[in-house]
Amino acid sequence: MDFVPTPDGSLSPATLTSPGAASPGGSPSKRPPAVLKAVDTDTTAGIIFGIGAYGLWGLMPLYFILLQPAGAIEIVANRVLWSLIFCVLLITVTRSWRVLGAAFRNRAVIFPLIIAAVLIAVNWLTYVYGVTTGQAVEASLGYFINPLVSVLLGVVVLKEKLRPLQWTAVGIGFVAVGVLTVSYGKLPLIALTLALSFGLYGFVKKRVGPRADAATSLTVETMVLAPVAGATMIVLALTGTATLATNGAAHFWLLAASGIITAVPLLFFGASARRLPMTTIGLLQYFAPVLQFIVALAVFHEPMTTDRWIGFGVVWLALLVLTVDMLLTARKNSVTRRLARSAA
């Protein structure tokens, strides 16, 4: 399986033509230096945008802790409502209302995005709950496991055949879950829920493909979730448990900033995905869980027992095998394309 779900799977990276690509006449032609320089600049920009996106996602636990005493439900409700406001402003500035309207009229777009909205809501709620209840280490585990879930989705849903190294990675992943289950004394439900919801979310968004860009997708998803989020905030206010307007101006503006903090990494990712091959995106995605893991240990001082270190080590071994397979496959495909161009 060659796709890697990300927090926004609606964009596929553009394939860059190689320097030795065939000319329209069928003979190999070299790229002018100006074009090569443009490609290098584009790649550099893509890597910077990618690191920015996954870096921000990796540091997100620090933001959620600042939002206390707001609970996970209130944080997610605010995240939806303020993201919608940000998206409406973005759609207005970019004059994309027609594109948004077309998305709502297209059943092949709107129905998958409704499913995606439910999945991302489950993902957000689980993640915020994990971080705010002292379980950020397990939350990071969910995103380490996610690539393995993506591979399994390819087998179960798309009926794809796995390569030997992919089967090896999946097998090691199952062993890791077993080790961590023994370590925690129960199934790591937070990690598994995050991995499954995020993997399915990426899969659904990938099926939508380029028919909806990042801004349009996020706007549709927040519009779908907004009525529930609004009702939630009303209930919290009536029961006296809402903190948005009762904990001072700083707390209010921190919650209000969730719209920008949600949307900016998605826009960074979209800019990165348009410039980089999927292999590079697949490698960059490990930035987020690595940072989450470091924050959980260094900042939140969450405990890590020996058996948990062993469990995480087994997960990282599975990811190493999966990464090696990804790099070998990308290299093989590159060689095949070069040979095909030479023979043309």
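Our structure is the block above this text.
Structure report, in brief. (Residues numbered from 1 in each chain as written. Predicted model: local features only at pLDDT ≥ 70, side-chain atom pairs only at ≥ 80, totals over all residues. Heavy atoms only, no water.)

1. What about the side chain of Ser183?
Rules: Only DSSP runs of H or I reaching four residues or more are called helices, and only runs of E reaching two or more are called strands; each is numbered from the N terminus. Contacts between residues were defined by any pair of non-hydrogen atoms, one from each residue, lying within 4.5 Å.
Note on placement: Ser183 falls in helix 6 (residues 164-184). Setting aside residues up to four positions removed in sequence, Ser183 forms contacts with Thr305, Asp307 and Arg308.

2. A word on helix 5 (residues 136-156)
In plain terms, the rule: Multiplying 1.5 Å by the residue count of a helix minus one yields the expected span of that helix. A residue's bend is given by the angle between axes fitted to the 7 residues ending at it and the 7 residues starting at it. Each residue is placed in one exposure class: buried if its accessible area under a 1.4 Å probe, protein chains only, is under 20% of its type's maximum, exposed if it is over 50%, and partly exposed if it falls in between.
Between its terminal C-alpha atoms helix 5 stretches 29 Å, which fits the 30 Å expected from 21 residues at 1.5 Å a residue. The principal kink in helix 5, of about 40°, is found at Asn146, preceding the proline Pro147 by one to four residues. Along helix 5, 18 of the 21 residues are buried, which leaves the element largely enclosed by surrounding structure.

3. Quick notes on the packing of aromatic side chains
Just so we agree on the cut-off: We call Phe, Tyr and Trp rings a pair once their centres come within 6.5 Å, taking the six-membered ring for Trp, and we label the pair stacked below 30 degrees between planes, edge-to-face above 60, and tilted otherwise.
Under the defined criterion, the tally for this structure stands at 17 aromatic pairs. When the ring of Tyr127 is compared with that of Tyr143, the centres are 5.7 Å apart and the planes differ by 75°; the resulting orientation is edge-to-face. Of the two residues, Tyr127 is situated in helix 4 (residues 107-132) and Tyr143 in helix 5; the sequence distance between them amounts to 16 residues. A relative accessible area of 6% places Tyr127 in the buried class.

4. Observations concerning helix 10 (residues 258-273)
End to end, helix 10 covers 23 Å across 16 residues, agreeing with the expected 22 Å (1.5 Å per residue, within 8%). Those residues of helix 10 lying buried are Ser258, Gly259, Thr262, Ala263, Pro265, Leu266, Phe269, Gly270, Ala271, Ser272 and Ala273.

5. Quick word on a nonpolar patch on the surface
Defined as follows: Only residues above 30% relative accessible area that lack a salt bridge enter a patch, with like-charged residues linked at up to 9 Å and the nonpolar side chains Val, Leu, Ile, Met, Phe, Trp and Tyr linked at up to 5 Å. All accessibility values rest on the Shrake-Rupley procedure with a 1.4 Å probe; residue burial counts only the protein chains present in the view. By definition, a salt bridge exists where a carboxyl oxygen of Asp or Glu is found within 4 Å of a side-chain nitrogen of Lys or Arg.
Residues Leu165, Leu317, Leu320, Val324 and Leu328 make up a contiguous nonpolar surface patch of roughly 410 Å² in combined accessible area. The biggest single contributor to the nonpolar patch is helix 13 (residues 306-343), with four residues. Summarising the element assignment, Val324 is placed in helix 13.

6. Describing unusual backbone geometry
Residue Pro69 follows Gln68 across a cis peptide bond; omega there is 20°. Even without a glycine there, the phi angle at His301 is positive, about 55°. Among the secondary structure elements, His301 is positioned in the loop between helix 12 (287-298) and helix 13.

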